[in-house]
Amino acid sequence: MDAEPGRPLPTVTLALELYGLLLELDPARFVPTRAAQLHGDLGRIAAQLRASGDGDDEVARCSVALAGALDSAPSATTVDVAPWVALRIAVGNPYEDLVAALARAGHRVPSLRPTNYSRSFFHVCSSLFALFIIEVMTERMIWVAGGFLTSAVLMESSRKVSPRANDVLMRAFGKVSHPYERHRVNSASWYALALMLLALFAPPVGCAVGVVVLGFGDPFAATIGRRFGRTRLPGGRSLEGSLAFVVAGTLMSLPVMLFAHHLAMGVALGIALAGASAGAVAEVLSGRLDDNFTIPVCAGFAAWGTSLLLL
């Protein structure tokens, strides 16, 4: 069945409704008293996905697969968060397959970015490693960044030409990846490109702030935003999360400016705050660009520009 002109396809409407429900299955947002309503809504959407027909075979196949995953929803009396989180994980890949199929048909549905503490920890470790290279191996920084970027290009090329390679790599990095990355350039590859641009064009001050702001501001913003976010901003962000981003990015960049670059407190604070603020704005306004690219680039160059004004 075709949708009327000017109206969204039935599957698009169902996917958008399901997106809102899956957000509730995040451990930072789950409300036990909603269990019965969630069970009923998920069952209804599964039935409607099976019945929907939008004239696109790929969308239809993905809809049926997603409906099958939804059939494993916990009972209406389950108030423990663990089974609901397990459902969200099980639904992640088929949901993103449907999102990708709809995108190829010209319809945009948001991807999921669930709480992932392993990914947050990986963010922090990557930041600290990059910071070590910047501060201790400054002269070799561009070569290290080039090596990362080359590895990323090779990985993305293999994923592009071989579905099997894509499956293998997604399983290998499953704990630190989001399901939507099966269909897009991996965030780590965007980060590698950002590191290369910083290494080529920004001084160590900018490079350091760029990696620290991403490594600490982004995970902290995600945690606070999902749990306490009420004031919505573009890109699915929240004002509370963005403020947390600025605070975390500033506080973690400040000691780097003080002790690694030996700047006065006022100068160090200005540079750290400028970088964190620019990173927070970049996260909100990234749109279809990956924020693992936009955050370090914007934060790094904002910090560099501020250093030129203050030093």
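Everything that follows concerns the structure shown earlier in this document.
Residues numbered from 1 in each chain as written. Predicted model: local features only at pLDDT ≥ 70, side-chain atom pairs only at ≥ 80, totals over all residues. Heavy atoms only, no water.

How should I be thinking about the overall build of the chain in this particular structure?
When its secondary structure is counted, the chain shows twelve helices and zero strands. Going from N to C terminus, the chain has its helices and strands arranged as α-α-α-α-α-α-α-α-α-α-α-α. A globule of 311 residues ought to have a C-alpha radius of gyration of about 19 Å, and the chain, at 21 Å, matches this closely. Based on the C-alpha atoms only, the size of the chain along its principal axes is roughly 65 × 45 × 40 Å. Per-residue burial for the chain yields a buried fraction of 47% across its 311 residues. Of the contacts made within the chain by residues no fewer than 6 positions apart, 73% connect residues no fewer than 24 positions apart. Of the side chains in the chain, 25 bear a positive and 24 a negative charge, and the two mean positions are spaced by 2 Å. (Helix = DSSP H or I, 4+ residues; strand = E, 2+ residues; numbered from the N terminus. Rg over C-alpha atoms; globule rule 2.2 N^0.38 Å. Buried < 20%, exposed > 50% of the residue type's maximum accessible area, 1.4 Å probe, protein only. Contact = heavy atoms within 4.5 Å. Lys, Arg positive; Asp, Glu negative; His and termini not counted. Charge placed at Lys NZ, Arg CZ, Asp CG, Glu CD.)

Can you help me understand the packing of helix H6 (residues 141-161) against helix H8 (residues 187-201) in this one?
A pair of packed helices can be characterised by two numbers: the angle between their axes and the separation between those axes. The geometry of H6 relative to H8 is characterised by a closest axis approach of 8 Å and an angle of 150° between their N-to-C directions. Judged on the interaxial angle alone, H8 and H6 are roughly antiparallel. Classified by chirality, the crossing of H8 by H6 is left-handed. Of the residues in H8, those touching H6 at Met141, Ile142, Ala145, Gly146, Phe148, Leu149, Ala152, Met155 and Glu156 are Ser189, Ala192, Leu193, Leu195, Met196, Ala199 and Leu200. The residue inventory of the contact of H6 with H8, partitioned by class, reads 13 nonpolar, two polar and one charged. (Axes fitted to C-alpha atoms, helices over the stretch in contact; angles between N-to-C directions. Parallel < 35°, antiparallel > 145°, perpendicular 65-115°, else oblique. Left-handed = near helix turned anticlockwise from the far one by under 90°. Nonpolar A, V, L, I, M, F, W, Y, C, P; charged D, E, K, R; others polar.)

How do you make sense of the environment of His183 when you look at a structure like this?
Mapped onto the secondary structure, His183 falls in the loop between helix H7 (163-172) and H8. Assessed through its relative accessible area of 34%, His183 is described here as partly exposed. Setting aside anything within four residues of it in sequence, one finds His183 in contact with Glu96, Asp97, Ala100 and Arg159. Within polar-contact distance, the side chain of His183 engages the side chain of Asp97 at 2.6 Å. (Polar contact = N/O pair within 3.5 Å; in protein donor to acceptor, adjacent residues only side chain to side chain.)

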